[in-house]
Amino acid sequence: MKKRKIITIVLAATILILGGLSLWFFGRENKVPRTFPETPSKKIEKQLQKAALNTWGHEFYWTKLNEDGSLNDGGARYYGIYGDCIAVFESTMLCWVETKQVADSEFTHSSSFVIWIYHDGEFCTIEEAWEQGLLTKEQVALMAEYHEKAVEYIWEYYQAQLPE
């Protein structure tokens, strides 16, 4: 009887440990937004806004759809979670088409831009994050794919606003 009880306890402990490890491991997966524009969860937004305020003295203003379906553009774009990094796109006021090459992936936008990577309470650029080993080639490729979808969405949105 004691042997059966010990085996049951060991089996239950093993299942709990494996469950905990899988939650930890899979909880760090990439969480690329499925739609555009998407804003971060309240928890993520709080972290980003606090860091932005500490770093630059202002918070992010998000690109989003208003209740009437109009696009509130010109703000930062939430690009999702990549491992333990969070990506945020911001365009600048410099008007030229810019292309950035990072880890075999290409990011192009109609003005100068920065893709900020938030990691451990601080921001760095996507280029710096790649050089520091914070992002994998696959994560950068996922980000580039999302970036292309975001650019395409905005282009199509504004094309639909033109009079026929």
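Structure first, text after, so check above.
Residues numbered from 1 in each chain as written. Predicted model: local features only at pLDDT ≥ 70, side-chain atom pairs only at ≥ 80, totals over all residues. Heavy atoms only, no water.

Caption draft 1: Structural view of the pairing of strand S7 (residues 113–119). The buried count for S7 comes to seven of seven residues, which makes it a mostly enclosed element. Burial along S7 is two-sided: the residues Phe113, Ile115, Ile117 and His119 and Val114, Trp116 and Tyr118 are all buried. Across six bridges, strand S4 (residues 85–91) lies against S7 in antiparallel orientation. Looking at the pairing, Ser91 lines up with Phe113 of S7. In this sheet, strand S8 (residues 122–125) lies alongside S7 in antiparallel orientation, the contact comprising four bridges. Within the sheet, the bridge partner assigned to Trp116 lies in S8 and is Thr125. Between S7 and S8, which pair antiparallel one after the other, the connecting turn spans two residues, and Asp120 there sits at a positive phi close to 50°. (Buried < 20%, exposed > 50% of the residue type's maximum accessible area, 1.4 Å probe, protein only. Helix = DSSP H or I, 4+ residues; strand = E, 2+ residues; numbered from the N terminus. Pairing = 2+ DSSP bridges.)

Caption draft 2: Inspection of helix H4 (residues 137–161) at higher detail. If you check H4, its first and last C-alpha atoms are 36 Å apart, about what 25 residues at 1.5 Å a residue would give, namely 36 Å. Those residues of H4 lying buried are Gln139, Val140, Met143, Ala144, Tyr146, His147, Ala150, Ile154 and Tyr157. (Expected span 1.5 Å × (residues − 1).)

Caption draft 3: Expanded view of the pattern of salt bridges. Under the defined criterion, the tally for this structure stands at three salt bridges. Note that Lys100 and Glu127 form a salt bridge whose closest N and O atoms lie 3.5 Å from each other. Pair noted here: Lys100 is in strand S5 (residues 98–102) and Glu127 is in helix H3 (residues 126–131), with a separation of 27 residues, a long-range link. Lys100 sits in the buried class, given a relative accessible area of 13%. (Salt bridge = Lys/Arg side-chain N within 4 Å of Asp/Glu carboxyl O.)

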